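# Structural overview
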Amino acid sequence: MYDKKKLEDVKAAFKNWEENKVNKSLGKFPERKERFSTGSDTEVDRLYTPINVEDLDYERDLGYPGEYPFTRGVQQTMYRGRFWTMRQYAGFATAEESNNRYKYLLDQGQTGLSVAFDLPTQIGYDSDHALSEGEVGKVGVAIDSLKDMEVLFDGIPLDKVSTSMTINAPASVLLAMYIAVAEKQGVSSDKLRGTIQNDILKEYIARGTYIFPPEQSMRLITNIFEYCSKEVPQWNTISISGYHIREAGSTAAQEVAFTLADGIAYVEAAIKAGLDVDEFAPRLSFFFNAHNDLLEEVAKYRAARRLWAKIMKERFHAKKDKSMQLKFHTQTAGSTLTAQQPDNNIIRVTVQTLAAVLGGTQSLHTNSRDEALALPTEDSVRIALRTQQVVAYESGVTETIDPLAGSYYVESLTNSIEEEAMAYIEKIDNLGGATKAIENGYIQKEIQNSAYKYQMQVESLDSIVVGVNKFKIEETEKKELLKVDPHVEILQRKKLQKLRDDRDNDKVNETLSVLKEKAETEENLMPYILDAVKSYATLGEVCGVLREVFGEYEQTVIL
Amino acid sequence: MNRPIRVLVAKPGLDGHDRGAKVIARALRDAGMEVIYTGLRQTPEQIVAAAVQEDVDVVAMSLLSGAHNHLFPKVVNLLKGEGVDDVLVLGGGVIPDDDIPFLLESGVEAIFTPGTPTKDVIDFINTNIKRK
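Residues numbered from 1 in each chain as written. Chains lettered and ligands numbered in written order. Predicted model: local features only at pLDDT ≥ 70, side-chain atom pairs only at ≥ 80, totals over all residues.

All names here are of chain A. Domain parsing of chain A yields domain 1 (4-53) and domain 2 (85-396 + 410-459). Centre-to-centre separation of domain 1 and domain 2, based on C-alpha positions: 38 Å. With eight residues of domain 1 at the interface, the matching set in domain 2 holds ten residues. Residues that form the side of domain 1 that touches domain 2 fall into these classes: two nonpolar, five polar and one charged. (Domains from an automatic or database assignment. Contact = placed C-beta atoms within 7 Å. Nonpolar A, V, L, I, M, F, W, Y, C, P; charged D, E, K, R; others polar.)

Residue and element names in this part refer to chain A. Its 16 residues give helix 19 (residues 487-502) an end-to-end C-alpha distance of 23 Å, which sits within 8% of 22 Å, the value for a rise of 1.5 Å per residue. Listed in full, the buried residues belonging to helix 19 are Val-488, Glu-489, Gln-492, Lys-495 and Leu-496. The arc enclosing the buried residues of helix 19, seen along the axis, measures out at 125°, which places them on a common side. When the buried face of helix 19 is taken as reference, the exposed residues oriented beyond 90 degrees from it are His-487, Ile-490, Lys-494, Gln-497, Lys-498, Asp-501 and Asp-502. (Helix = DSSP H or I, 4+ residues; strand = E, 2+ residues; numbered from the N terminus. Expected span 1.5 Å × (residues − 1). Buried ≥ 20, exposed ≤ 12 C-beta atoms within 10 Å, placed from the backbone. Arc of directions from axis to C-beta.)

By size, the foremost hydrophobic cluster in this structure holds 189 residues, and its most contacted members are Leu260(A), Ile529(A), Val542(A) and Val59(B). By residue number, the principal contributor to this core is helix 10 (residues 252-272) of chain A, which donates 13 residues. Not counting residues up to four positions away in its chain, the partners in contact with Val59(B) are Leu8(B), Ala10(B), Ile47(B), Ala51(B), Val75(B), Val87(B) and Val89(B). (Core = buried A, V, L, I, M, F, W, Y, C linked by C-beta atoms within 7 Å.)

All names here are of chain A. Between the first and last C-alpha of helix 12 (residues 294-315) there are 31 Å, a value that for 22 residues agrees with the 32 Å anticipated at 1.5 Å per step. The buried fraction of helix 12 amounts to 16 of the 22 residues, a majority that puts the element mostly inside the structure. Directly beyond the C-terminal end of helix 12, a positive phi value near 55° is found at His-317.

With 28 residues of chain B in contact, the opposing surface of chain A contributes 32 residues. At the level of elements, helix 1 (19-30), strand 2 (34-37), helix 3 (68-81) and helix 5 (118-128) of chain B are the ones that each hand at least two residues to the side of chain B that touches chain A. The element that contributes the greatest number of residues to the side of chain B that touches chain A is helix 1 of chain B, accounting for five residues. Taken together, the residues of the side of chain B that touches chain A break down into twelve nonpolar, ten polar and six charged.

In structure tokens, the structure reads:
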């Protein structure tokens, strides 16, 4: 990109500056520390110049928004066309209470819904299962059957909103319930827009809400890809997630590497199941974290887009642009929130919001200040949403596309993250792919090492966390926290008992036994799951049948 | 004591957040303790059975899902039911200040919340260990 002669001049001048100016000044004014580094502990130079990006080829490496390799964004006009979708992840207690929160958020200008389910729902247990004790309605809403889902979306027209559901192992069951609710509203499935997370590999790696073994899980996932490409064409069938990998302690480059490695495994599974890459790839979406190191994060998103485009084109021979575009949701980093001086978290979330926006995200959830303490209060959620709105309407960063492109530092970081991620992907390929690398614990071990290293840096004060290991105060002020009423569990069990009493149990048994039969064949299970949920079979019953046929995953425990 | 302190690091309930549990497990091990990690989704019964079988001196539970008021005391009571009263039971995770007095009264010896240095946990164990 640079004129050779001019680059030689820059190199000479840079050397002169370092040797004659900087070194002299260092004698009098030493730098704050010996080694400077990013949030992911990659060493950072004093100054970046054209020398760091001398091989950069604009057309090849950056190009234009909406064009291969999509480094600068996946749409032609980005936020000049419309802002990202502001989508706050919410849900707690009962379907009634969550429905109220959704209506509140839509009233406040939120543009998409994002449903949080409680842990029993996420792991395919009904609220009256022994393992659900103490967990019902705690980290999200409890959904036992289509009945709860009808209440959850009551008064919310499903052809008008897009809904993201954080559901993985039982994703097919919750998607089926959503389709069934829409049908009752008179909305046909081709009008539905939204996303299911449906990313089981990162559950094994980092998040923990797995049910079935990998092979059977991959079958359910490819069943969804196939079904949706015909019946729910606007639905994003998977959200391949680096978020939780990063929360578990990975570096930025590991987040990109392990997420894209998972992505490769899904694409391979779908192709193996006989699907055409350009049929399902446009509906793949991604989900990344936003940490505090603003420029490293921006570089991370850009590197991820470019690397995925290359993988889809070169490895999988995708033909459509849409198959090569990495579209992503972002959530600010829960793990960076501090329980100490929680209002400081508002500032952290602001920096993280800027990172996501400058990195070209398609949608964003901003965490609330009190989430290191409990689920957020309504006030805290409003501030978090306002943070997005201030960045969108007041900061000016949305007026032009990819404004940090061409920064010597950002381009250099983009290159190095891509290279590091690619090296990991090659290593994972050599281990036999992501599933194998998870089963033998390689990926988990890499993440744990990074997490431990970071913790030790915080404890040795090599990393400063404001209010935690520096600038501490005595805090006596009582914090207003949201509490989930313990009666929710009792209430939910009562509702479930009533459902079991009132429904046509012969019909339920019939749909469940058909599902079981089909699970033993190679057939696509989606239509049979849909029949079962429509008969008001519970989530636990549907998953129970599948558990019988598929068995359950045994975690690889590694320290 | 003439053998290293033995610790069971446990994840009760359905919560899958295990970063903290794993970091603590490793820090305790680096501090010379013998650490057994249960993995995810352990019922209180399973945790107590493992504690008894492994003859541990400390049970350290981590939970971020909000089910601590239910699950932590249950482990304490089951241990008592097994006649075990000299094991130090600790809890950690996203636990609101308001819940801490109840948990301490229930027999959990200490609650460690986000931001706690691993050194504090190590020091607490070394100072408060019941089996000497």
